[in-house]
Amino acid sequence: WKPLVDSPHCRFRHYVLQPLTQAQMKLPPDQRHGLNQTASSSPNDPLFQSKLQENPNPYKYCVLPIVGFHQLLRRVRMQDDKLQEHNAVLQSFEQEVNRMREFQA
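Just so we're clear, the structure is a prediction, and the values are computed from it rather than from any experiment.

(A) Highlighting the confidence of the model for the protein. Of the residues in the protein, 77% reach a pLDDT of 70 or more, and the chain-wide mean stands at 82. Averaged pLDDT values for the elements of the protein fall to 66 in helix α2 (residues 29–33) and rise to 94 in helix α4 (residues 69–104).

Now the structure itself:
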């Protein structure tokens, strides 16, 4: 099932905050604000407006629309990949701490 992305009647529409890349954070504010405007987001959409208001740091996050289950699945997979990256870093820290403990013993 693929919804009509631009349809205001699509019931499965959600907005999330997406971290900006370092390059995007260096953009001037007027260009950075354009990152929030996509084909499936409308300035008149109350969900979009509420997420813009909830954004804790517009310099670090943009509002990303998720419309349909395919986009949701893509987002879940992206988050799973990031979680695996973070877990790998935490495991390397744990190994380093254990190595230091053995060295101190």
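(B) Expanded view of the pairing of strand β2 (residues 61–67). In terms of residue burial, β2 counts as a mostly covered element, since five of its seven residues are buried. Relative to β2, strand β1 (residues 13–19) runs antiparallel, the two being bridged by seven bridges. Across the sheet, residue Tyr15 finds its bridge partner in β2, namely Pro65.

(C) Structural context of a nonpolar patch on the surface. Taken together, the side chains of Phe69, Leu72 and Val76 make up a nonpolar region of the molecular surface, amounting to roughly 250 Å² of accessible area. For Val76, the position within the fold is in helix α4. For Val76, a relative accessible area of 36% puts it in the partly exposed group.

(D) Layout of the environment of Tyr15. Inspection of the secondary structure puts Tyr15 in strand β1. Judged by relative accessible area, which is 3%, Tyr15 ranks as buried. Along the chain, Tyr15 and Phe48 lie 33 residues apart, while their C-alpha atoms are 6.7 Å from each other.

(E) Quick look at the environment of Lys51. Counting through the fold element by element, Lys51 comes out in helix α3 (residues 46–54). On the accessibility criterion, Lys51 (18% relative accessible area) is buried. Sequence separation between Lys51 and Leu17 is 34 residues, and the spatial gap between their C-alpha atoms is 7.9 Å.

(F) Local environment of the environment of Cys62. Inspection of the secondary structure puts Cys62 in strand β2. Separated by 44 residues in the primary sequence, Cys62 and Gln18 place their C-alpha atoms 5.3 Å from one another.

(G) Highlighting the pattern of salt bridges. A full pass over the atoms with the stated rule returns three salt bridges. Here Lys82 makes a salt bridge to Glu85, at a shortest N to O gap of 3.4 Å. Taken together, the positions of Lys82 and Glu85, both in helix α4 and three residues apart, correspond to about one turn of that helix. Between Arg99 and Glu96 there is a salt bridge whose closest N-O contact spans 2.5 Å.

Rules used in this analysis
Residues numbered from 1 in each chain as written. Predicted model: local features only at pLDDT ≥ 70, side-chain atom pairs only at ≥ 80, totals over all residues. Heavy atoms only, no water. pLDDT = per-residue confidence, 0-100. Helix = DSSP H or I, 4+ residues; strand = E, 2+ residues; numbered from the N terminus. Buried < 20%, exposed > 50% of the residue type's maximum accessible area, 1.4 Å probe, protein only. Pairing = 2+ DSSP bridges. Patch = residues over 30% accessible without salt bridge, like charges linked within 9 Å, V, L, I, M, F, W, Y side chains within 5 Å. Areas by Shrake-Rupley, 256 points an atom, 1.4 Å probe, with all protein chains shown as cover. Salt bridge = Lys/Arg side-chain N within 4 Å of Asp/Glu carboxyl O.

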